[in-house]
Amino acid sequence: MKKIKKPLIAIFIIANLYAILCGGLYFFQDNLIFHPQQLPQEYAFDFDGDYKEVWVDAPDGARLNGLHFTVTNPRGVILYHHGNAGSLAQWGQIAQPFVQKGYAVIIMDYRQYGKSGGALTEAALYDDSLLWYAFAKAQYPTTPITSYGRSLGTTFATYVASKKEVTKLVLETPFYSILDEAQSRFSILPVERLLNYRLPTYSFINEVTAPITVIHGTEDSVVDYEHGKALYDSIRITTKTFVTVPGGDHNNLSEFEAYQKATATLFE
């Protein structure tokens with residue numbers, strides 16, 4: 001009898017641990033994907049150059065916060081979709097290299113990030129990205145717009161480029177889909193049934209007709225280099241360029257010559 005009980009107890013323990021893991025992924029998936037820094041509404045941004053704080057109102061009542069960096073007679077506009085952590089308090093500084101090259105930059109905080117409000121859903125994030133495109137187009141009706149995404153933002157940048165007219169799409173450290181990322185991390189779990197988010201960049205990218213540039217570091221510790229390459233390889237209908245940054249990690253590509261040369265060419 002004791003010999004029978006031991007395997008049953010082991011199976012019971014394993015089954016419970018598995019259930020806990022599944023429950024943890026399901027109930028805490030927002031915390032795993034999104035890492036927002038929230039800011040008080042009275043927070044004052046402090047960056048070099050000319051910029052202003054801007055707001056976009058979503059149909060569901062959400063107020064979305066952004067920064068608009070301006071230049072005289074801009075060569076183009078960069079609509080920048082940032083990564084999954086922080087807020088505009090940090091991300092605003094990403095505008096400086098582009099501004100120095102003569103480009104206006106519009107960068108926004110997603111729902112629940114910074115001063116932005118609203119319920120966080122995948123559908124709302126797509127809709128919001130189009131609202132920001134409309135904002136950019138209203139400010140610059142005849143100026144070329146680049147849709148630029150980094151990490152999490154690469155899905156929304158691609159979505160915008162798949163729906164609206166842009167001059168180019170630039171994807172820095174992109175993933176194939178968030179489902180693909182989750183499956184690579186939690187391979188023993190039924191991720192497809194548990195995950196509410198899909199973020200299927202691969203399904204939008206072949207609706208993009210503008211030239212696409214993908215930039216990825218070989219030592220990326222967050223989104224594997226091969227995942228970015230898989231997304232690039234899936235592009236079939238437009239001009240594409242893949243920039244490998246040897247030794248580059250997820251958050252330090254700008255320190256490498258390969259990245260600097262690529263962005264200099266893109267925004268010369």
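Right above here is the structure, for reference.
Read on for an overview of the structure.

The rules behind these values
- Residues numbered from 1 in each chain as written.
- Predicted model: local features only at pLDDT ≥ 70, side-chain atom pairs only at ≥ 80, totals over all residues.
- Heavy atoms only, no water.
- Helix = DSSP H or I, 4+ residues; strand = E, 2+ residues; numbered from the N terminus.
- Buried < 20%, exposed > 50% of the residue type's maximum accessible area, 1.4 Å probe, protein only.
- Contact = heavy atoms within 4.5 Å.
- Areas by Shrake-Rupley, 256 points an atom, 1.4 Å probe, with all protein chains shown as cover.
- Core = buried A, V, L, I, M, F, W, Y, C linked by side-chain atoms within 4.5 Å.
- Pairing = 2+ DSSP bridges.
- Axes fitted to C-alpha atoms, helices over the stretch in contact; angles between N-to-C directions.
- Salt bridge = Lys/Arg side-chain N within 4 Å of Asp/Glu carboxyl O.
- Polar contact = N/O pair within 3.5 Å; in protein donor to acceptor, adjacent residues only side chain to side chain.

Overview of the overall build of the protein chain
Moving on, step 1. Scanning the protein chain from N- to C-terminus turns up eleven helices and ten strands.
Moving on, step 2. Across the 268 residues that make up the protein chain, the buried fraction comes to 51%.
Moving on, step 3. Taking all contacts inside the protein chain whose residues are at least 6 apart in sequence as the whole, residues at least 24 apart take part in 71%.
Moving on, step 4. Summing over all exposed atoms, the protein chain offers an accessible surface of approximately 13,000 Å²; the carbon and sulfur share of this is 55%.

Considering the nonpolar core
Moving on, step 1. Core analysis: the biggest nonpolar cluster contains 32 residues, and Leu-79, Ile-106, Trp-132, Ile-145, Leu-169, Leu-171 and Ile-212 have the highest contact counts within it.
Moving on, step 2. Going through the elements one at a time, strand S2 (51-57), strand S4 (76-81), strand S6 (103-108), helix H5 (122-139), helix H6 (153-163), strand S8 (168-172), strand S9 (212-217) and helix H10 (225-233) are the ones with two or more residues in this core.
Moving on, step 3. Of the residues forming this core, the biggest block, four residues, is contributed by H5.
Moving on, step 4. Among all residues touching Leu-169, those that are not within four sequence positions of it are Ser-147, Ala-157, Thr-158, Ala-161, Val-208, Pro-211, Ile-212 and Thr-213.
Moving on, step 5. Ala-89, Ala-95, Ile-107 and Leu-266 belong to the second-largest nonpolar core, a separate cluster that totals 26 residues.

With respect to the sheet that holds strand S3 (residues 63-69)
As a general point, the strands of a sheet are linked pairwise by backbone hydrogen bonds and lie either parallel or antiparallel.
Moving on, step 1. Strand order in this open sheet of eight strands is S2-S3-S6-S4-S7-S8-S9-S10, and the pairing throughout is mixed. The open sheet has two edge strands with one neighbour each: S2 and strand S10 (240-245). Taking each pair of neighbouring strands and ignoring which way they run, the sheet shows an average axis angle of 20 degrees.
Moving on, step 2. Alignment of S3 against S6, held across four bridges, turns out to be antiparallel. Residue pairing for S6: Gly-66 is matched across the bridge by Met-108.
Moving on, step 3. Packed onto the sheet, H6 meets S4, strand S7 (145-150) and S8 and runs at close to 155 degrees relative to S7.

Things to note about the side chain of Ser-87
Moving on, step 1. Residue position: Ser-87 is located in the loop between strand S5 (85-86) and helix H3 (88-91).
Moving on, step 2. For Ser-87, a relative accessible area of 0% puts it in the buried group.

Considerations on the pattern of salt bridges
Moving on, step 1. For the structure on display, the rule yields eight salt bridges.
Moving on, step 2. The closest approach of N and O atoms between Lys-261 and Glu-257, which form a salt bridge, is 3.2 Å. Of this pair, Lys-261 and Glu-257 both sit in helix H11 (residues 257-266), four residues apart, roughly one helical turn. The same class applies to Lys-261 and to Glu-257, which are both exposed.

With respect to the environment of Tyr-110
Moving on, step 1. Topologically, Tyr-110 is positioned in the loop between S6 and H5.
Moving on, step 2. Judged by its relative accessible area of 7%, Tyr-110 is buried.
Moving on, step 3. Linking Tyr-110 and Gly-66, residues 44 residues apart in sequence, is a C-alpha distance of 9.0 Å.
Moving on, step 4. When sequence neighbours within four positions are dropped, the list of residues in contact with Tyr-110 reads His-81, His-82, Gly-83, Ser-116, Leu-125, Leu-152, Gly-153 and Phe-156.
Moving on, step 5. For Tyr-110, the side chain forms a polar contact with the main-chain oxygen of His-82, separated by 2.4 Å.

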